[in-house]
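The chain contents come next:
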Protein chains: 2
Amino acid sequence: MERIKPRTLSGFMELLPADQVLFDRMVAILRESYALYGFTPLDTPAIEASEVLLAKGGGETEKQIYRFQKGDSDLSLRFDLTVPLAKYVALHYNELSFPFRRFQIGKVYRGERAQRGRFREFYQADIDVIGDGKLDIINEAEIPSIIYRAFTALGLRRFKIRVNNRMVLNGLFALLGLEQQAGDVMRTIDKLEKIGPDKVKAILVDDFAVSADTADTLLSLLSAADPMAALEPFKGKNELFDLGVEELNTVVKYMAAFGVPADHFMVDLTIARGLDYYTGTVYETVMLDHPEVGSICSGGRYDNLAEYYTDKQLPGVGISIGLTRLFYVLQEQKMLNASNAAPADVLILPMTEDLSAAISFATALRAQGVRAQLHCEQKKFKQKLNYANKLSIPFAAFLGEDEVKAGTVTVKNLLMGDDFTEEEKADMESQGFFKQVTLPVAEAVSYVKNCLSDPKDDRPILDKE
Amino acid sequence: MERIKPRTLSGFMELLPADQVLFDRMVAILRESYALYGFTPLDTPAIEASEVLLAKGGGETEKQIYRFQKGDSDLSLRFDLTVPLAKYVALHYNELSFPFRRFQIGKVYRGERAQRGRFREFYQADIDVIGDGKLDIINEAEIPSIIYRAFTALGLRRFKIRVNNRMVLNGLFALLGLEQQAGDVMRTIDKLEKIGPDKVKAILVDDFAVSADTADTLLSLLSAADPMAALEPFKGKNELFDLGVEELNTVVKYMAAFGVPADHFMVDLTIARGLDYYTGTVYETVMLDHPEVGSICSGGRYDNLAEYYTDKQLPGVGISIGLTRLFYVLQEQKMLNASNAAPADVLILPMTEDLSAAISFATALRAQGVRAQLHCEQKKFKQKLNYANKLSIPFAAFLGEDEVKAGTVTVKNLLMGDDFTEEEKADMESQGFFKQVTLPVAEAVSYVKNCLSDPKDDRPILDKE
């Protein structure tokens with residue numbers, strides 16, 4: 001038979017089992033985090049009509065999209081979760097209750113040039129709150145709390161949520177007479193962290209005709225130690241600016257009540273995000289030890305989610321985590337908690353011809369929520385233990401003639417080393433942990449269940465405290 | 001602005017929020033069920049190289065596939081989860097431990113003619129156990145137990161798992177001199193339930209040259225009340241048949257130890273499944289009250305998973321649930337448990353300008369795992385309660401001036417009717433449930449948490465007992 005070489009397309013993440021367990025745990029924790037804030041899950045098709053998906057049209061999107069014909073239909077794979085949300089809300093407007101809070105974790109597709117750490121198929125984990133006509137600022141103030149809860153539950157410690165308000169920036173540009181160059185100025189100050197204030201000033205002055213004085217004013221404001229205080233003197237002169245400062249103040253004011261520690265949050269006046277889309281609060285989240293990664297969770301407030309589909313005014317606020325890229329970074333940085341990715345808790349090794357006793361033991365374990373696998377292949381005993389070790393399965397259970405006759409099971413803890421001193425062994429046993437113990441079946445089930453309920457570290461990410 | 005009419009492609013399931021909650025709960029229960037049996041999660045790309053996906057080639061598959069060009073690449077969307085598994089195992093053979101037990105729940109794509117209940121994008125929920133060279137029969141015996149656990153946990157009651165063995169059928173055809181017509185005979189007896197024994201006999205005799213005697217022998221065997229006993233007289237004459245009967249006996253023998261009640265399991269000698277692929281045990285699962293739906297979980301034993309990619313012999317056994325179609329059927333049959341699809345447990349209604357107290361209460365609830373949503377939009381009080389009712393949110397919490405000053409919260413149980421008699425009310429209150437109660441914040445958190453921990457019915461499916 002002629003064989004095809006098996007391969008996975010480049011730019012498509014395909015994980016080995018232990019990593020997949022961690023990835024799925026991240027997804028589960030995000031789902032749980034989002035649910036705690038009253039977000040409801042959504043799942044839209046990966047394929048949409050091209051005219052729907054490209055209603056906004058334009059630039060990079062259209063070049064990268066996977067678009068194809070099937071029969072008479074012009075179809076495309078979704079390139080984000082926002083456009084499908086806009087379509088969903090416009091389409092189902094009458095069946096939804098507003099504010100509509102949804103999360104969606106799903107794959108999106110972009111035919112980017114393949115390079116390390118860039119993916120053509122990747123998961124986004126999005127939340128959005130959509131208002132009908134209006135949406136209170138409190139929704140914007142709540143977002144950092146969700147980011148904080150989600151990343152903390154994942155195990156991340158050293159990160160900071162940065163917040164700004166687009167009205168502050170736009171109002172400021174108006175106040176400084178920079179309305180004409182607003183876009184250019186914004187793109188330039190966005191580079192402040194990367195290239196430093198001197199170069200930013202040079203670009204502003206040389207390339208965009210900003211006066212040296214104005215550039216200095218702007219730069220000293222942007223790098224103020226206390227940004228909220230630095231904004232004060234500019235108040236009362238521009239309505240947009242004042243509204244932006246008020247909103248930013250509200251967001252800052254409620255941070256503590258929302259449970260976000262001060263050291264995980266800051267106002268950063270240099271953050272702009274997408275130039276056209278966002279209109280109020282904007283967010284970025286950076287890993288303190290890996291600034292080169294950029295923002296791992298971003299978003300903001302927008303005024304009109306679905307203007308391409310409906311005349312309903314649907315303002316919203318949302319954030320997105322690029323989960324596949326984040327996972328890739330965590331792999332690269334060796335920050336994944338690989339210690340806990342076993343597919344089963346107990347590997348059952350029957351050693352008699354009749355397997356009824358071993359099977360009944362497996363059934364009893366499963367009924368108690370303990371993950372059990374029977375290993376009945378024709379392999380040597382040692383090979384089976386190797387199998388358990390390779391998969392990090394913590395317990396092996398043996399049922400030989402003696403055990404079956406006596407109605408017992410011998411349970412071996414595979415994670416306990418063989419080189420304990422007698423003292424260490426006695427200490428463990430006094431705590432109810434045995435290297436190996438033979439117990440009646442029902443007791444063996446409880447014993448394993450108890451050992452497993454010992455608090456273990458389920459966080460998929462390991463970070464410095 | 002010119003607007004595009006929002007629409008979702010026909011043949012693509014897009015659920016409203018309450019249904020999506022139930023769908024996701026089904027997925028979670030399947031994941032948990034599969035994990036209990038030691039299956040590890042897998043997630044492969046939805047897009048593969050066409051030459052890889054179509055290595056086997058042939059017929060319907062190629063017609064239905066979504067295939068397209070992107071740059072120089074000939075790409076296709078996966079049409080099932082088995083071919084990607086074969087690729088995965090062949091590609092990662094050296095990094096996997098065998099037997100390799102994986103589950104995968106994901107979307108697959110088939111450009112079928114659109115009709116009611118047929119989907120072009122649909123979820124499959126698959127498990128497979130892959131052996132390296134050999135795979136013990138116990139893996140086949142275990143499968144019905146997994147099916148039983150999964151469907152029972154979903155809430156399904158009235159279903160039956162039917163099992164057969166392809167070697168029994170093939171051996172029997174050899175014994176009866178029907179080897180030439182084996183395929184035709186198999187397809188005909190597969191219709192037994194639908195068209196009855198007389199018509200089957202007529203087809204066998206008239207169309208496929210089976211003698212009337214042989215047809216009678218076959219039909220009496222296929223419809224025997226005790227199929228295992230009926231097979232006995234044929235033993236000792238054909239090796240394949242004997243092996244098949246032995247395997248089938250093993251599967252039947254261990255059903256009780258695997259926890260499958262006798263009334264949820266039967267041997268059905270008419271089941272054949274795919275003609276080419278399966279080589280040993282085969283499975284179908286039917287809803288007793290809805291036989292017209294056909295099998296809702298099918299699969300079987302195969303000898304060589306990845307022959308198109310590798311010379312390694314990789315036998316396996318697997319089953320698949322067509323989750324999207326199952327969900328559609330449950331919707332149609334009104335078998336979904338819609339009572340429990342709220343996106344939040346508590347809707348918090350602040351009634352003061354400063355929201356700190358309300359936000360802190362939300363944070364305290366969330367820290368205890370209670371799903372809380374703040375509703376701070378400018379709406380009338382009554383509209384906010386309507387919102388909670390529409391979303392089936394069970395509790396509303398009010399924080400007015402009085403509560404904030406006193407450090408309390410007023411919690412209202414929205415699921416309790418307003419028309420209780422005094423007696424009924426007293427009875428509820430004696431059990432710790434109040435229509436409305438004002439409590440200090442910390443106590444209010446515990447109170448809500450306790451009310452929610454009251455055993456509620458989380459099964460997504462409601463079936464007759």
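This one's a predicted model, so the numbers in the text were calculated from it and none came from an experiment.

**Some words on unusual backbone geometry**
Now for step 1: Here Phe98(A) and Pro99(A) are connected by a cis peptide whose omega angle stands at 0°.
Now for step 2: Of note in this structure, Ser392(B) is not a glycine but carries a positive phi near 60°.
Now for step 3: Examined against the element boundaries, Ser392(B) turns out to sit in the loop between helix H14 (381-390) and strand S14 (395-399).

**Focus: the packing of helix H13 (residues 356-367) of chain A against helix H17 (residues 441-453) of chain A**
Residue and element names in this part refer to chain A.
Now for step 1: At their nearest, the axes of H13 and H17 sit 10 Å apart, and the two run at 40° to each other. Here H13 is positioned oblique relative to H17, judged by the angle of their axes. The two elements H13 and H17 cross, and the hand of that crossing is right-handed. Counted together, Phe361, Ala364 and Leu365 of H13 and Val441, Ala444, Val445 and Val448 of H17 form the full contact between these two elements.
Now for step 2: Here the contact of H13 with H17 is built from residues that sort into 7 nonpolar, no polar and no charged.

**Looking at the relation of the copies chain B and chain A**
Now for step 1: Mapping chain B onto chain A is achieved by rotating through 180° and translating by 0.0 Å along the same axis, at an RMSD of 0.1 Å. Read as a symmetry element, the transformation amounts to a two-fold axis. If distances are taken from each C-alpha of chain B to the rotation axis, the shortest is found for Phe68(B), at 3.0 Å.
Now for step 2: With an isologous cut-off of 70% or more, the 100% of interface residues of chain B that recur at the interface of chain A puts this contact in the isologous class.

**Describing the domain arrangement of chain A**
Now for step 1: Per the domain assignment, the segments of chain A are domain 1 (17-333) and domain 2 (346-453).
Now for step 2: Taken over C-alpha atoms, the centre of domain 1 of chain A sits 50 Å from the centre of domain 2 of chain A.

**With respect to the interface of chain B and chain A**
Now for step 1: Of the residues lining the interface, 100 residues belong to chain B; the matching set on chain A comes to 101 residues.
Now for step 2: Summing the contributions of chain B and of chain A, the shared interface buries around 8,700 Å²; its carbon and sulfur component is 58%.
Now for step 3: The interface formed by chain B and chain A includes 12 salt bridges.
Now for step 4: Two residues, Asp43(A) and Lys107(B), come together in a salt bridge whose shortest N-O distance is 3.1 Å.
Now for step 5: For the pair chain B and chain A, the interface holds 52 residue pairs in polar contact (both at pLDDT 80 or more).
Now for step 6: A per-element tally of the side of chain B that touches chain A places helix H1 (residues 17-36) of chain B first, with 7 residues.
Now for step 7: By residue class, the composition of the side of chain B that touches chain A is 53 nonpolar, 19 polar and 28 charged.

What counts and what doesn't
Residues numbered from 1 in each chain as written. Chains lettered and ligands numbered in written order. Predicted model: local features only at pLDDT ≥ 70, side-chain atom pairs only at ≥ 80, totals over all residues. Heavy atoms only, no water. Helix = DSSP H or I, 4+ residues; strand = E, 2+ residues; numbered from the N terminus. Axes fitted to C-alpha atoms, helices over the stretch in contact; angles between N-to-C directions. Parallel < 35°, antiparallel > 145°, perpendicular 65-115°, else oblique. Left-handed = near helix turned anticlockwise from the far one by under 90°. Contact = heavy atoms within 4.5 Å. Nonpolar A, V, L, I, M, F, W, Y, C, P; charged D, E, K, R; others polar. Least-squares fit on C-alpha atoms with pLDDT ≥ 70 in both. Domains from an automatic or database assignment. Buried area = accessible area lost by both parts, 1.4 Å probe. Salt bridge = Lys/Arg side-chain N within 4 Å of Asp/Glu carboxyl O. Polar contact = N/O pair within 3.5 Å; in protein donor to acceptor, adjacent residues only side chain to side chain.

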